Amino acid sequence: SNGITTMAKSFLNWAQAFSGREPNASDKVVPLTSKVESVDETLKLEATQWLSNIGIKGKKFRIMFLGSHYPSLNFDHIFIASKALKAKGIKCEFIICGSGQLTDELRKKAQDNHEIIFTGWVDRAKINAIAEKCNMSIAPFRNVPNYTANLPNKIIDYLSLGLPILSPLKGELSNLIASNHVGLSYDEKNLATLSDGIASLIDSADLEVMKRNTLDCYAELFDFDAVYRNLVQHLEDL
């Protein structure tokens, strides 16, 4: 091949090593991204009312999960952190959006925990409305090569929503979090690092810095129009 494109640098490194060819200027990382959809005022109002109807109202510290409920994620991280925070007298709601293979099991596990709210599938208007009520996001992915060598698409969504990210995922995501200061990497083998991390960020000025950084990071690295322009220019250069 004259050039190789991948979604993440780790994938590119792997492809270059596997092929046995030397890296060259035609190789390029083209991150996964999507356009941020606009929402009209009517849908915004409907989504705000819907939030109130399902009990998401008032000012609280909230953390959002957005995505499918599959075994590639360890939702026990959320349950354990919620229990630990409650034991410390810290109020923190976890809003779990989406559905999937594990949904029924997760709802059953959380049935006695009023700090965990399931929304079911949500559209763009509802996603935006929930994000406005949340302070952070969580991505409890398991550390398997498909995720450590890549940035899952929901990470890009969280950045575009201005939500700092909590995750145990090593590799591409932990590097992104550290280099751009857009969240907190916790230890999946010591989940006190998650609850303690959340507690330390509540009412923290550093959290506000992270929020600004997430939007800046999205604009710089993952904005759809910028990524597309760069790819078109790359192809024309080739």
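As a reminder, the structure under discussion sits directly above these lines.
The notes below deal with the structure included here. Just so you know, these numbers come straight off a predicted model, no measurement behind them. (Residues numbered from 1 in each chain as written. Predicted model: local features only at pLDDT ≥ 70, side-chain atom pairs only at ≥ 80, totals over all residues. Heavy atoms only, no water.)

What follows concerns the sheet that holds strand S6 (residues 136-138). Paired through their backbone hydrogen bonds, the strands of a sheet run either parallel or antiparallel. Pairing is parallel in the open sheet, where six strands are placed in the order S5-S4-S3-S6-S7-S8. Across the chains shown, the open sheet's two edge strands, defined by having one partner strand only, are strand S5 (116-120) and strand S8 (183-185). On average, each strand axis in the sheet is inclined to that of its neighbour by 25°, with strand direction left out of account. In this structure, S6 lies alongside strand S7 (residues 165-167), joined through two bridges in parallel fashion. From the neighbouring strand, Ser137 faces S7, where its bridge partner is Ile165. (Pairing = 2+ DSSP bridges. Helix = DSSP H or I, 4+ residues; strand = E, 2+ residues; numbered from the N terminus. Axes fitted to C-alpha atoms, helices over the stretch in contact; angles between N-to-C directions.)

It is worth spelling out the nonpolar core at this point. Core analysis: the biggest nonpolar cluster contains 63 residues, and Ile63, Met64, Phe94, Ile130 and Ile198 have the highest contact counts within it. Every residue in contact with Ile130, bar those within four places of it in the chain, is listed here: Trp50, Leu51, Met64, Ile95, Cys97, Thr119 and Val122. (Core = buried A, V, L, I, M, F, W, Y, C linked by side-chain atoms within 4.5 Å. Buried < 20%, exposed > 50% of the residue type's maximum accessible area, 1.4 Å probe, protein only. Contact = heavy atoms within 4.5 Å.)

This paragraph deals with the packing of helix H2 (residues 41-53) against helix H5 (residues 124-133). The interhelical angle for the contact between H2 and H5, taken along N-to-C directions, is 55°, at an axis separation of 9 Å. Classified by the angle their axes make, H2 and H5 are oblique. Judged by the twist between their axes, the crossing of H2 over H5 is right-handed. From H2, Leu43, Ala47, Trp50 and Leu51 reach across to H5, where they touch Ala125, Lys126, Ala129, Ile130 and Lys133. (Parallel < 35°, antiparallel > 145°, perpendicular 65-115°, else oblique. Left-handed = near helix turned anticlockwise from the far one by under 90°.)

Another point: the packing of aromatic side chains. Counting across every chain of the model gives four aromatic pairs. Judged by centre distance (5.0 Å) and plane angle (75°), the rings of Phe65 and Phe75 are edge-to-face. Of this pair, Phe65 sits in strand S3 (residues 61-66) while Phe75 sits in the loop between S3 and helix H3 (76-87), and the two are 10 residues apart along the sequence. With a relative accessible area of 3%, Phe75 lands in the buried category. Here the aromatic rings of Phe224 and Tyr228 are separated by 6.2 Å at their centres, their planes lie at 0°, and the arrangement is stacked. On the criterion of helical spacing, the pair formed by Phe224 and Tyr228 is a turn pair, its members being four residues apart in helix H11 (residues 224-237). You can call Phe224 partly exposed: its relative accessible area is 28%. (Phe/Tyr/Trp six-rings, centres within 6.5 Å; stacked < 30°, edge-to-face > 60°.)

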